[in-house]
Amino acid sequence: MAAASAASAISLNSNSGSSSSNGNPINNNSKNSKSQIMIPIHVWPNPNSRSCQWQSSSSRRWVPLSTKAAAKDDKPTKITADADADADADADANAAKQKKQMQQRNRLELEDVNPVGLGRRSRQLFDEVWRKFSGLGQISSTSRADERDALDALLIREGPLCEFAIPGAQNTTVLVVGPTSRIGRILVRKLLLRGYTVKALVRKTDGQAEEMLPRSVEMVKGDVGDPSSLKAAVEGCNKIIYCATARSTITGDLYRVDYRGVYNLSKAFQDYNNKLAQLRAGKSSKSKLLLAKFKSPDSLHGWHVTTGTYFQDVIASKYDGGMDAKFEFTDSGAAVFSGYVFTRGGYVELSKTLSLPLGRTLDRYEGLLLSVGGNGRSYILILEAGPTADASQSKLYFARISTKAGFCRVRVPFSSFRPVKPDDPPLDPFLVHKLTIRFEPRRQRPVEGPSGVKQDPRSFTLILEYIKALPSGQETDFVLVSCTGSGLEPTRRDQVLKVKRTGEESLRRSGLGYTIIRPGPLKEEPGGQRALIFDQGNRISQGISCADVADICVKALHDSTARNKSFDVCYEYVAEQGKELYELVAHLPDKANNYLTPALSVLEKNT
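Cut-off values and rules
Residues numbered from 1 in each chain as written. Predicted model: local features only at pLDDT ≥ 70, side-chain atom pairs only at ≥ 80, totals over all residues. Heavy atoms only, no water. Helix = DSSP H or I, 4+ residues; strand = E, 2+ residues; numbered from the N terminus. Buried < 20%, exposed > 50% of the residue type's maximum accessible area, 1.4 Å probe, protein only. Contact = heavy atoms within 4.5 Å. Areas by Shrake-Rupley, 256 points an atom, 1.4 Å probe, with all protein chains shown as cover. Polar contact = N/O pair within 3.5 Å; in protein donor to acceptor, adjacent residues only side chain to side chain. Disulfide = S-S within 2.5 Å. Pairing = 2+ DSSP bridges. Salt bridge = Lys/Arg side-chain N within 4 Å of Asp/Glu carboxyl O.

Under the annotation held in an unreviewed UniProt entry, the protein chain carries the name Protein HIGH CHLOROPHYLL FLUORESCENCE PHENOTYPE 173, chloroplastic isoform X2 and is attributed to Ziziphus jujuba.

Right, here's the structure in full:
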C-alpha cells in the first residue's frame, strides 16, 4: 500500500481484449492485431472503496486499440461506480472553492478603498489598454507591421475610440511640429485616440517618416527655418504643438529651430488667422489691437507730460532739486520719455486719452503689451475707467511694471490692475478711456551702468516703440515644448538656454494664446507611473517620462488655466530646504482625471 494512484487496463477493443500483467504491450496473435494501437489508460479510483486494490504509482497497463473497429463496433466503456463517486466529490469540492472565492471578492477590504492602491490599479489597467490599442507602452515603434496596419485601419474606418475621445477634439485640427521626435511619436497617437485631426510637419516625406507615423496622419513637407514652406502647413489648423528641437548644439542649428522656427511658425499662424478674418469681413480674434505706435514725430500728438507730488514737505522742499521730464522724438527715430525727480514724494507722468477704432472696446482683450527700452527702471501703469461724459465718475486703477536695460516687451493683463481706492469695483476694460505711465523714485532697484557704476535711481529714460492690446481667449493656440536645461552639458547649457528663451519670448509677443512646457531630462519609460511637480522659477532637477510630457501637451489644448503660462514639470521629489515647490499633483492617467487644472491654477500667468 505504498502508492497514491492505481492503474488498471481497460479493453476498448471488442475483438481482442487481453492484457498483460507485466506492464508491457500485449502481443496479440489475432487476425486484427495489425490494426491495434497500444495506449496507457490511468483510472483514479475512489480510495474509500473496498473494491479498490492500491498499486504502485509507477504501474502502467497497456491496452490495444483497434483503429478500424473502435469507430464502428466498440461501445463506450463504462467506468465503475467508484470513479463516478470520485467525480461527484471533485465537483462538490470545486463548487465549494468557487463559493469561497466569491465571498472573498464580495468582502470589502481596506486595500480596496486605499487611494494609492486604486491609483496603481487604474494606471495598470490604462497601460494595458494603451498597449493593446496603440502600442504606446514602449517609446520606440517596435510593433509589427500588421499590428500598425490594424491600428491605422481602425482609426481611419471607425474614427477615435469613444473611451478616449474628447468632446472638443472632433472639429479640431492640430499641427504637430517634430512628429518623429521622442515626444512627437507618442503625442501623435494620443491625439488620434482622442479624436483630433492631426497634421505632421516633416522635412522629408520619405519611407522612414511614413513608417514611424500612422497612416491617418496628414504629412506636410516643410522646414521651420523656411517661412514660405509653412503656409501650407498651418492651413486648416486650429492649434499647434511644437516639440521639435535642434539635433545638435551648433549655434546655427539651434538658432534655426529653437528661435527662428518658433517665430516663423507663430507668424505664419497669425497670418493665416488674419486671412480668414478678412474673408469674413472682420478682424482675427487672435490679432492684437494697436493703441499707439511711435514711428514719427506726429505719433507724439495727444501725449501730455505732467508732474505732481503725493505730499508737500515745506521744510524739505527748499533742499529739493526739483523735477522735470520731456517726451520727444529724437534724430535716431525713437520716442523718448526722460527726466528726473529729485523732489520728495514727487512723480512725473505721460498720459493720453485713448481713441479706439469704431466698434472696438478693450473688454474683448485681456491686457496690454508694451515694447519699450531704456535704463531698466520700474513704472506704474494707470488706467482711468468710467463714463467719458462725466469725469467725476471716473476711477483709477494701477499696475506696476519692470523693464530691463535695453529693449524688452512687457505683458500686463487687465486682471493685474488694482483700484487706487480699495472700495472701488474691479476694473472693467469696457470703460477704459485714458492711459498713463508714471515714474517715481520710490521702489527703484539699483541699476549698474555700462561702466559698472550704479545709476541714480531718481533719473529715468524710457524709449517707447508701441503699445498694443492683447486678444483674449479661453484656450491655448500654441503649445511649445522647451527645456529646463537640466541634463545638458555644462559647456553648452547657457548657449542652448539662451536660444530657447529667445524662442519663448517670440511666442509670448506674437499675440497667440500660448503654453510653454519646460520638462526635466526626458526618460524612455511608460507614463502615469509617478506623481508630477509643476513649478516656476527654473528650480527643478528631476527627469520626466516622454509619455507624461505628451499627455500634458494634449490636456493643455483645452484647459483655460494653461493659457499664457510657462512652467517647469518633472517627477515628484523632496525639495531642498528653502526651495519648496509650488504644487504637487498625483498623476492618475484616466480620461476623467483633470490633474492639470489644479496644478496650473496656482501658477502665474504671462510668464
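A. Representation of the overall build of the protein chain in the model. Scanning the protein chain for helices and strands turns up 11 helices and 25 strands. Within the protein chain, the fraction of its 607 residues that count as buried is 44%. In the protein chain, once contacts between residues fewer than 6 apart in sequence are set aside, the share between residues at least 24 apart is 73%. Of the roughly 32,600 Å² that the protein chain leaves accessible, carbon and sulfur atoms contribute 50%.

B. Quick look at unusual backbone geometry. The phi torsion at Asn538 lies on the positive side, around 55°, for a residue other than glycine. Structurally, Asn538 is set in the loop between strand E22 (532–535) and strand E23 (544–545). Using a relative accessible area of 38% as the deciding quantity, one classes Asn538 as partly exposed. Non-glycine residue Asn564 carries a positive phi angle of around 60°. On the secondary structure map, Asn564 appears in the loop between helix H10 (546–556) and strand E24 (565–571).

C. Inspection of H10 at higher detail. Counting buried positions over the 11 residues of H10 gives 10, a clear majority of the element. Within H10, burial applies to Cys546, Ala547, Asp548, Val549, Ala550, Asp551, Ile552, Cys553, Val554 and Ala556. N-capping of H10 is provided by Ser545, with a side-chain oxygen placed 3.1 Å from the backbone N of Ala547.

D. The arrangement of the state of the cysteines in detail. As enumerated under the stated definition, the model contains zero disulfides in all. Free of any disulfide, Cys553 has its nearest neighbouring cysteine sulfur in Cys243, separated by 6.8 Å. Residue classification places Cys553 among the buried positions, given a relative accessible area of 0%.

E. Molecular detail of the sheet that holds strand E16 (residues 418–419). Read from one edge of the open sheet, six strands run E8-E11-E17-E13-E14-E16, paired in antiparallel fashion. Of all the strands in the sheet, just strand E8 (304–309) and E16 have a single pairing partner and so form its edges. Alignment of strand E13 (residues 378–385) against strand E17 (residues 432–439), held across six bridges, turns out to be antiparallel. In the strand pairing of E17, Glu384 is matched with Lys434.

F. Here's a closer look at the pattern of salt bridges. Here the structure, examined in full by the defined rule, presents 24 salt bridges. Between Arg501 and Glu504 there is a salt bridge whose closest N-O contact spans 3.1 Å. Residue Arg501 and its partner Glu504 are located together in helix H9 (residues 490–508), separated by three residues, close to a single helical turn. Take Arg501: its relative accessible area is 25%, and that puts it in the partly exposed class. Three or more residues joined by partner-sharing salt bridges are found here, namely Arg501, Glu504, Glu505, Arg508, Arg518 and Asp568.

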